[in-house]
Amino acid sequence: MLTKPDIEPSGEGAAAQVGEPLVEATGLEVHFGLRGGLFSRFSGGPAGAVRAVDGIDLTLRKGEVLGLVGESGSGKTTLGRTLIGLTKATAGSVSYRGQDITALGERGLRPLRRRLQMVFQDPHASLNPAMDIRTAVGHPLRIHNLVADDREYEARVVDALERVGLTPPERYLGKFPGDLSGGQKQRAVLARAIIAEPELLVADEPISMLDMSVRAKILQLMLDLKRDLDLTYVYVTHDLASAKFFCDTIAIMYLGRIVEYGPTEQVFADPQHPYTEALLAAIPEPDPERALPRELPRGEIPDAARPPMGCAFHPRCPVAVAACGWEARDLRTLLENRWLELAPEAASREKSLFADVESLAADGQSSVAIAPGRGHTPEDVLEYLRHLREEASEAEPREPFWHGVVTMHAENGRAVVEFAPPRDPRLSLIPATGVQVACHLREPVGSTTGT
Amino acid sequence: MATTTLPTGPIEPTVSASASRFGGLRRIVSAIREAHGVPKFMLWTGAVISALFVITALFAPLIAPYSFDTYKAHGHNFPKQGSPDGDHWFGTTVQSLDVLSRTIYGARTALEVMVLAVIFSLILGVLLGLLAGYFGGWLDRILVLVMDALFAFPYLLLAIVAGFVFSGISGGGVVTAALSITVVYIPQYFRVVRASALSAREATFVEAARAMGAKPSVVIRKYLFGNVIQSVPVITTMNAADAIGTLAGLGFLGLGIQPTEAAEWGYDLDRAIDDVNAGMWWTCLYPGLAMVIAILGFTLLGEGLNDVLNPTMRRRRIRKVLLPAHTARRTVTAPAQPDVPEGEAVK
Ligand SMILES: Nc1ncnc2c1ncn2[C@@H]1O[C@H](COP(=O)(O)OP(=O)(O)O)[C@@H](O)[C@H]1O
Ligand code: SF4
Ligand SMILES: [Mg+2]
């Protein structure tokens, strides 16, 4: 991970905020259909879908460097690709200079591809191993018929190679990707990306697969190219430190949604969303002796096909409140974590109170009727749960789960647990900062945006 | 690595360059150069035999004493069923034809049919495989169905049926024989090329080409073709061996090339069957032997190439490293260099 680059931030960051809107996304959704089992395919029933991008609005201005930051699987790559029409949106729209590109087919997009370029994560895989640099870098010129003859072609390729620092260019023209180092390949990929004079470049973790020693150089090169060629960047990364150095604006993503969105300095100086705070705390120490990447709090990123209710971050959020979307799955996680820590006999004694803990695992249950185990009554279960709640109220840090439990009562031989109705936190502007954040704790007073 | 320095000199150390226009072929050539042991032996023996075969075929009119349909010289008819002697080293047939000349000209026919069949099936098989692999969908389904059906058919039977069909159209010449054989081989190219196209289609550089705005035809020609074509040389040499056998099979059944058009080993063998009963061994021995040697040559070449080029079949070689005498106390074993330079492998 790139920690603190020794390069002076170029300083052109905040000033570049004034450009005209270049790309605008509204209500953007990309759901990847899961192949259901044989049965659901025949019956036509709903197979699940991975909600890679799940309702995103953003505006990218000319000259801006927007960072999409989040853990792996949060939908950064998919969002970046959808913004330039490489992945089809399943709902919502993306407009480029006022033109809706989600409505265009592959054929209609082709002329635009010249303007909207992408740099992929793996430079080794991005170049055709059987094509020399001369042909590979200049290919966009041929595709879009931008040169009249071979002389002009050669001149443009040489110019592009010089711009990306592959000098002297003559030395690289005849080489194959296999002859180049990782950093040189990424330079060649950048040369190919800029040769047709694009306006927007989506860079998907462009440095994550490179050696430590060349990462900062490639980022600096990208900044130079932006300055010289008047580019706009979308920079996709899981590395907050490089985003801090590189981006004017940052969008923190979690499970297909933007949870915090604003000017980089502001986001870093005063993170508003608990997830952002956790990410910032997890940035490794600049001191290499102690540079162990710290774990994010409580558990893993959930399955994007079955996102948690309410705020998707609530199962991991240390400060969650009642409306954050508590559900039966969270009770199961709580119980299983507890039983893991207990002695096996004690755990199995407690487990026997429940007929079927797995029944809690289904998603979307904001109220659940728990069947008591053999030889137990619903009252036993309730008593046990109340005991847990009391125990938790004394422990530090407070377990936020119990905020979400509204009532627990016995009904028809079952113990019924009801949770507070879930509410989706909406991105809302924090006054005087320019930062938007999606968290109930930061909502303007009196707002009741619910679902 | 130490901390990052100021980005002044952007040049990372260069790896040795070996510029060549044909990136795909380069890999094949370097693999061949590194061949060792049994594969190397097979490769080179096969190559030598195949080369002799090709030379014989090309220069048949210079090498053979007579033409394939000559039955008299200097005003004398050749002896009928004459045993080998000074005038006719391999003897003569029941039609008074010189066996040596027919055997040599047979190589020419075999080469012609082989080359045509390989070219036809290569072009069609590779093209269809690329289209099916890249586009997928219903086109792929239909092609796979047809090709699997062809593949499941006994190959000689398939060639016979195709031979009947084509002889009605184009007569009983070399082209007809080649076309009949082509039908047998298309599915092989199709399968291999489709499989590599399917995996290459997922490669990032194909995606990158699409992101540049390349049309599918450009993607296929410039990005898929070069990477898919590398699996083809092995099948080609294997098919070459097979084509000789299939052609002879057709000729033996009287379905191949008309005897007036060219000399053909299978046809000669068919005619020689009665001679064997009469104690005449030369009419069948020489064409048969020629056939076996030619097939052996191409099979060895194909198997050798397969061993050398197919990375899954290659084992890492353990090579003994001998230290210079003044430092050496003992010999050390070390694994050899990986055969494919890193980063060059296509996913
Ligand atoms: N082509 C695809 N088909 C199905 N699921 C996909 C596809 N691409 C991405 N996904 C899923 O979408 C989610 C987001 O993926 P991605 O955008 O790659 O996230 P990130 O780049 O943040 O790691 C993941 O759960 C991933 O499995
Ligand atoms: S809405 Fe805010 S407090 Fe609630 S879970 Fe999400 S991040 Fe935590
Ligand atoms: Mg990604």
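Residues numbered from 1 in each chain as written. Chains lettered and ligands numbered in written order. Predicted model: local features only at pLDDT ≥ 70, side-chain atom pairs only at ≥ 80, totals over all residues. Heavy atoms only, no water.

- As recorded in an unreviewed UniProt entry, chain B goes by Peptide/nickel transport system permease protein and comes from Actinacidiphila bryophytorum.
- According to the UniProt record, the Sequence similarities (unreviewed entry) comment for chain B is "Belongs to the binding-protein-dependent transport system permease family."
- The heading Subcellular location (unreviewed entry) in the UniProt record of chain B holds the text "Cell membrane". (UniProt positions renumbered as here; feature names shortened; annotations may be inferred.)

- For chain A, an unreviewed UniProt entry supplies the name Peptide/nickel transport system ATP-binding protein and the organism Actinacidiphila bryophytorum.

### Focus: the nonpolar core
For step 1, the next point in the chain: Counting residues in hydrophobic clusters, the biggest one holds 154 residues, and the most contacted among them are A:Phe246, A:Phe354, A:Leu385 and B:Phe53.
For step 2, the next point in the chain: Per element, the largest residue contribution to this core is eleven residues, and it comes from helix 7 (residues 174-201) of chain B.
For step 3, the next point in the chain: Residue contacts for A:Phe246: discarding those within four places in its chain leaves A:Val65, A:Leu219, A:Met222, A:Leu223, A:Tyr233 and A:Tyr235.
For step 4, the next point in the chain: Of all hydrophobic cores here, the second largest spans 34 residues; its members include A:Val30, A:Ile56, A:Leu66 and B:Ala208. (Core = buried A, V, L, I, M, F, W, Y, C linked by side-chain atoms within 4.5 Å. Buried < 20%, exposed > 50% of the residue type's maximum accessible area, 1.4 Å probe, protein only. Helix = DSSP H or I, 4+ residues; strand = E, 2+ residues; numbered from the N terminus. Contact = heavy atoms within 4.5 Å.)

### Description of unusual backbone geometry
All names here are of chain A.
For step 1, the next point in the chain: Geometrically, the link from Thr-167 to Pro-168 is a cis peptide bond, its omega value of -5° lying close to zero.
For step 2, the next point in the chain: Unusually for a residue other than glycine, Arg-97 sits at a positive phi of about 50°.
For step 3, the next point in the chain: Within the secondary structure layout, Arg-97 lies in the loop between strand 4 (91-96) and strand 5 (99-100).
For step 4, the next point in the chain: On the basis of relative accessibility, which here comes to 41%, the residue Arg-97 falls in the partly exposed class.
For step 5, the next point in the chain: Residue Asp-230 is not a glycine yet carries a positive backbone phi of 65°.
For step 6, the next point in the chain: Along the polypeptide, Asp-230 turns up in the loop between helix 9 (212-229) and strand 8 (232-237).
For step 7, the next point in the chain: A residue is classified by how much of its surface remains accessible, and Asp-230, at 47% relative accessible area, is partly exposed.

### Points about the domain arrangement of chain A
For step 1, the next point in the chain: Domain annotation for chain A reports domain 1 (10-34 + 48-281) and domain 2 (326-419).
For step 2, the next point in the chain: Using only C-alpha atoms to locate each centre, domain 1 of chain A and domain 2 of chain A end up separated by 47 Å. (Domains from an automatic or database assignment.)

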